[in-house]
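# Structure at a glance
Chain by chain, the residues:
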Amino acid sequence: DGDPAWPAGCIERFGTEWVQRMRLIVTRMKLREWCHSSRDAFDKIDRDGGGSLNRTEIAVGLFKMGIWLSPPELGAMMGVLDSDGGGEVEYEEWNRFWNMHIEVQGGK
């Protein structure tokens, strides 16, 4: 039936969670590599200078930093970032995300 090297249910139990953790680690690494601070990252992504980030700005900005998110991943990230549900990410929302997920473990 299955591959004897992998216990039954191994991929279902560990695969998705592991991938999500690795994506966060890579995202954290790339953002730290490209940006000096939460404000620096926000300003680099805010292409139109409007003071908030829309879905396209986030996708394009992260892509330019070497972070590609699939549409479902981008949707999940927007769900986390856009805490007030306004459809755009304000700096305060971005900064909260940065402090919780990027600037952990002695980050910049």
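The structure presented is a predicted model; accordingly, all values stated were derived computationally and were not measured.

### Things to note about helix α3 (residues 55-64)
Within the span of α3, buried status applies to Glu57, Ile58, Gly61 and Leu62. One side of α3 holds all its buried residues, which, seen down the axis, span an arc of 115 degrees. Those residues of α3 that are exposed and aimed more than 90 degrees away from the buried face are Thr56 and Phe63. Here α3 starts with a cap whose side-chain oxygen sits 3.0 Å from the backbone nitrogen of threonine 56, and that cap is asparagine 54.

### Thoughts on the layout of surface pockets
The volume enclosed by the largest pocket comes to roughly 430 Å³. Considering the residues around the largest pocket, the lining is formed by 15 residues, among which Gln20, Leu24, Glu73, Ala76 and Met77 are closest to the centre. At the level of elements, α1 (10-34), α4 (71-81) and α5 (91-102) are the ones that each hand at least two residues to the lining of the largest pocket. A breakdown of the residues in the lining of the largest pocket according to their chemical character gives ten nonpolar, three polar and two charged.

### Here's the deal with the side chain of aspartate 82
Along the chain, aspartate 82 falls in the loop between α4 and β2 (89-90). Within the structure, the side chain of aspartate 82 is placed 2.6 Å from the backbone nitrogen of glycine 87, a separation counted as a polar contact. Those residues within four positions of aspartate 82 in sequence are excluded, and the remaining contacts are Gly87, Glu88, Val89 and Glu93.

### Structural notes on the environment of leucine 53
Structurally, leucine 53 is set in strand β1 (residues 52-53). Taking the C-alpha atoms as reference points, leucine 53 and glutamate 88, separated by 35 residues in sequence, lie 5.4 Å from one another.

### Describing the pattern of salt bridges
Tallying each qualifying case throughout the model produces two salt bridges. Put simply, aspartate 40 and lysine 44 hold a salt bridge, and the shortest N to O gap is 3.4 Å. In this pair, aspartate 40 and lysine 44 are both assigned in helix α2 (residues 38-45), four residues apart and thus about one turn of the helix distant. The exposure class of aspartate 40 is buried, given its relative accessible area of 19%.

### As for a negative patch on the surface
Taken together, the side chains of Asp48, Asp84, Glu88, Glu90 and Glu92 define an acidic patch exposed on the protein surface. Within the secondary structure, aspartate 48 sits in the loop between α2 and β1.

The rules behind each value
- Residues numbered from 1 in each chain as written.
- Predicted model: local features only at pLDDT ≥ 70, side-chain atom pairs only at ≥ 80, totals over all residues.
- Heavy atoms only, no water.
- Buried < 20%, exposed > 50% of the residue type's maximum accessible area, 1.4 Å probe, protein only.
- Helix = DSSP H or I, 4+ residues; strand = E, 2+ residues; numbered from the N terminus.
- Arc of directions from axis to C-beta.
- Polar contact = N/O pair within 3.5 Å; in protein donor to acceptor, adjacent residues only side chain to side chain.
- 1 Å grid on protein atoms, 1.4 Å probe; cavity = no way out; pocket = protein on both sides within 12 Å on 5 of 7 lines; lining within 4 Å.
- Points joined across faces, edges and corners; volume = space filled by probe spheres on them.
- Nonpolar A, V, L, I, M, F, W, Y, C, P; charged D, E, K, R; others polar.
- Contact = heavy atoms within 4.5 Å.
- Salt bridge = Lys/Arg side-chain N within 4 Å of Asp/Glu carboxyl O.
- Patch = residues over 30% accessible without salt bridge, like charges linked within 9 Å, V, L, I, M, F, W, Y side chains within 5 Å.
- Areas by Shrake-Rupley, 256 points an atom, 1.4 Å probe, with all protein chains shown as cover.
- Lys, Arg positive; Asp, Glu negative; His and termini not counted.
- Charge placed at Lys NZ, Arg CZ, Asp CG, Glu CD.

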